[in-house]
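Given next are the chains, with one letter for each unit.
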Amino acid sequence: MNDLPRPELILVRYGELALKGKNRSAFERKLVENMSAATAAIAPVRYERSRGRITAALKRPEEQADAPATLQRIARRLQEVPGLSSVSVCIGVPKDPAVISAVVNAELAERLEFERGPVTFRVSSRRADKAFELTSVELDRYVAERIPPELWDKLEAKLKGAELEIGIEVRPERAFVYLGRHAGIGGLPVGSLGRAVCLLSGGIDSPVAAYYAMKRGCRTDLLSFLSPPYIGASTRAKLIDLARSIARFQPRTRLYLAPFAEIQEAIRDLCPAPYRTILYRRFMQRIGSKVAKRNRGRALVTGESIGQVASQTLENIACIEAASALPVLRPLIGFDKTETTDVARRIGTLELSNRPEPDCCTVFMPDSPMIFGKLEDCLAAEEALDIQGLLMRSLKGIEVIEFEAGQERA
Ligand code: ATP
Ligand code: MG
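These numbers come from a predicted model, not from an experiment.

Visitor: A description of the overall build of the chain should follow, citing residues and the corresponding values.
Guide: If you tally the helices and strands in the chain, you get 14 helices and 15 strands. Its C-alpha atoms give the chain principal-axis dimensions of about 85 × 40 × 40 Å. Here the chain holds 410 residues, and 53% of them are scored as buried. By sequence separation, contacts in the chain at least 24 residues apart represent 81% of the contacts at least 6 residues apart.

See the structure below:
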């Protein structure tokens, strides 16, 4: 191994509260599987699990033109994998306290160059190599005592809640030094809690809702409705871009595009105009339930939030949900629009959602949509419709597009 200190290893931490007993191993395996999928397109990575830690290293660093930069890219990509709480990029050093301390000081000098301080810090060593000459407490002290005076002026030791963690991991083969942690998105590994289907419109909310379902461990496929010839290719392109953008949070994502025009025409022609939007949504729930069940999906996900738009009253939500054969999850139920918008910006969907393309629900919009819908009125209105035939033809016309998570954020 090369003895020049440089980034060699990524230390991965994950939330441990949900992890007891045998769940833990399944959780770790799923997490490693998802991390591998996420970084596959960057470089071959070796993941190792040991003692509640996962580490990632390049398989053949010598084949990378710039291995340290590649490792940094991998770390940034890992920060987007649900289930992971933080990562640290570690510098590899020989297992010699004097060398470890020198590397810490060099790294600290760089980090503090433009700081006026004081920055609170702590040294936290871990020793996997019990044969190492110092215990972890001794190593903490050894390193802290050798921080040069000019750096001490900008530092203040603090054991709990320090701003800067100087981490040292002594492993049998080598020691690793890192400064600080980069937060991941938390949550649970996608796939550890089953599957769901999110109804994806072109709006701001539903991509965020899908993201939250993924973050809580559900593999989340996406279902959108298109109404050609009323709504054209540009809406389709927007939905595909949105799907691709959130697809990076899980290994594989399916986008289902279901034809919806015939259903909308039938509702327009045969049902009371104020109920159109509610009836459209009821068909979306039916199609969503069928699509989900075909793939062992156990829930639908929507971007609904109470009272956000006139149609999202408790009455209308009840009318819509009654058509679903599965539980409907609404991760944004208590969010203000500004909160959702902030998350959309953070996960990179806001700009895509803001692209002004028509949504199929705007087709045949009535002048005064029903705000407090009644289920019995929905059922009465639907008597005029050939529900099974409409459903069957839409399901038959579904187009499926698959995405892999290998890509980095554009
Ligand atoms: P969004 O920002 O996600 O469009 P919204 O605040 O505009 O949500 P609605 O238009 O009432 O709210 O839609 C509520 C939910 O119904 C959406 O979040 C989405 O899950 C689903 N939905 C609405 N229109 C469509 C569509 N054309 N295709 C798929 N799902 C849809
Ligand atoms: Mg919408």
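Resuming the write-up.
Visitor: Please provide a residue-by-residue account of helix α13 (residues 375-382), values included.
Guide: Looking at α13, one finds that the buried residues are Cys 378, Ala 381 and Glu 382. End-on, the buried residues of α13 take up no more than an arc of 95°, which puts them together on one face. For α13, the elements touching its buried residues are α9 (276-294), α10 (314-321) and α14 (387-396).

Visitor: Before we move on, can you summarise the site of ligand 1 with the specific residues and values?
Guide: Ligand 1 sits among 22 residues. The nearest are Leu 199, Ser 201, Asp 205, Ser 206 and Gln 312. The side chain of Ser 201 places a nitrogen or oxygen atom 2.4 Å from an oxygen atom of ligand 1. Summarising the interface, the protein chains cover 91% of the accessible area of ligand 1, which totals 580 Å² for the free molecule. Within the residue set of the shell around ligand 1, elements represented by two or more residues are α6 (205-215), β11 (219-226) and α9. Residue contributions to the shell around ligand 1 peak at three residues, all from β11. Here the shell around ligand 1 is built from residues that sort into nine nonpolar, nine polar and four charged.

Visitor: Please give an account of the environment of Asp 377 that cites residues and values.
Guide: Within the element layout of this structure, Asp 377 appears in helix α13. Each C-alpha atom, one on Asp 377 and one on Val 363, is 21 Å from the other, the two residues being 14 residues apart in sequence. Polar contacts involving the side chain of Asp 377 include one to the side chain of Tyr 275, which spans 3.2 Å.

Visitor: Can you break down the environment of Tyr 14 residue by residue, with the values?
Guide: Residue placement: Tyr 14 occurs in strand β1 (residues 6-14). You can call Tyr 14 buried: its relative accessible area is 4%. On a C-alpha basis, the gap between Tyr 14 and Gly 186 in space is 7.3 Å, while along the polypeptide they are 172 residues apart. At a separation of 2.3 Å, a polar atom in the side chain of Tyr 14 contacts the side chain of Glu 28.

Visitor: Which residues make up the sheet that holds strand β13 (residues 297-301), and what values do they have?
Guide: The six strands lie next to each other as β14-β13-β10-β11-β12-β15, forming an open sheet whose pairing is mixed. The open sheet has two edge strands with one neighbour each: β14 (328-329) and β15 (399-404). Direction of pairing for strand β10 (residues 195-199) relative to β13: parallel, over a ladder of three bridges. Considered in β13, the bridge of Val 197 is made with Leu 300.

Visitor: Which residues make up the pattern of salt bridges, and what values go with them?
Guide: As a working rule, side chains carrying opposite charge can pair if their charged atoms are close by. Counted according to the given criterion, the structure contains 27 salt bridges. A salt bridge links Glu 33 to Lys 30; its shortest N-O distance comes to 3.6 Å. Here Glu 33 and its partner Lys 30 are both found in helix α1 (residues 23-39), three residues apart, which amounts to about one turn of the helix. A salt bridge links Arg 236 to Glu 399, with the shortest nitrogen-to-oxygen separation between them at 2.5 Å. Here Arg 236, found in helix α7 (residues 233-246), pairs with Glu 399, found in strand β15; they are 163 residues apart in sequence, far enough to count as distant. On the basis of relative accessibility, which here comes to 30%, the residue Arg 236 falls in the partly exposed class.

Visitor: Which residues make up α10, and what values go with them?
Guide: Looking at α10, one finds that the buried residues are Asn 316, Ile 317, Cys 319 and Ile 320. Buried residues of α10, seen end-on, are gathered within an arc of 160° and therefore sit on one face of the element. Residues of α10 that are buried in the fold lie against α9 and α13.

Visitor: Summarise the packing of α6 against helix α11 (residues 337-347); cite the residues concerned and give the values.
Guide: Direction vectors running N to C along α6 and α11 enclose 70°, while the axes themselves pass 9 Å from each other. One element, α6, and the other, α11, form an angle in the roughly perpendicular class. On α11, the residues touching Asp 205, Pro 207, Val 208, Tyr 211 and Tyr 212 of α6 are Lys 337, Thr 340, Val 343, Ala 344, Arg 346 and Ile 347. Here the contact of α6 with α11 is built from residues that sort into seven nonpolar, one polar and three charged.

Visitor: Describe the packing of aromatic side chains, with residues and values.
Guide: This model, assessed by the stated rule, comprises eight aromatic pairs. Pairing Tyr 211 with Tyr 212 gives two aromatic rings, centres 5.2 Å apart and planes at 65°, and the pair type is edge-to-face. Between Tyr 212 and Phe 335, the ring centres sit 5.6 Å apart and the planes meet at 75°, which makes this aromatic pair edge-to-face. In this pair, Tyr 212 sits in helix α6 while Phe 335 sits in the loop between β14 and α11, placing the two residues 123 residues apart along the sequence.

Visitor: Pulling in residues and values, what's your account of the domain arrangement of the chain?
Guide: By the assigned domains, the chain splits into domain 1 (7-183) and domain 2 (195-404). Between the C-alpha centres of domain 1 and domain 2 the distance comes to 42 Å. Counting residues at the interface gives five residues for domain 1, matched by five residues for domain 2. Summed over both partners, the interface of domain 1 with domain 2 comes to about 490 Å²; 55% of that surface belongs to carbon and sulfur atoms. For domain 1, the biggest contributors to the area lost against domain 2 are Arg 77, Glu 80 and Pro 82; these three give 73% of the whole. Of the charged contacts in the structure, one is a salt bridge between Arg 248 and Glu 80, with a shortest N-O distance of 3.1 Å.

Rules behind the numbers
Residues numbered from 1 in each chain as written. Chains lettered and ligands numbered in written order. Predicted model: local features only at pLDDT ≥ 70, side-chain atom pairs only at ≥ 80, totals over all residues. Heavy atoms only, no water. Helix = DSSP H or I, 4+ residues; strand = E, 2+ residues; numbered from the N terminus. Buried < 20%, exposed > 50% of the residue type's maximum accessible area, 1.4 Å probe, protein only. Contact = heavy atoms within 4.5 Å. Arc of directions from axis to C-beta. Near = heavy atom within 4 Å. Polar contact = N/O pair within 3.5 Å; in protein donor to acceptor, adjacent residues only side chain to side chain. Areas by Shrake-Rupley, 256 points an atom, 1.4 Å probe, with all protein chains shown as cover. Nonpolar A, V, L, I, M, F, W, Y, C, P; charged D, E, K, R; others polar. Pairing = 2+ DSSP bridges. Salt bridge = Lys/Arg side-chain N within 4 Å of Asp/Glu carboxyl O. Axes fitted to C-alpha atoms, helices over the stretch in contact; angles between N-to-C directions. Parallel < 35°, antiparallel > 145°, perpendicular 65-115°, else oblique. Phe/Tyr/Trp six-rings, centres within 6.5 Å; stacked < 30°, edge-to-face > 60°. Domains from an automatic or database assignment. Buried area = accessible area lost by both parts, 1.4 Å probe.

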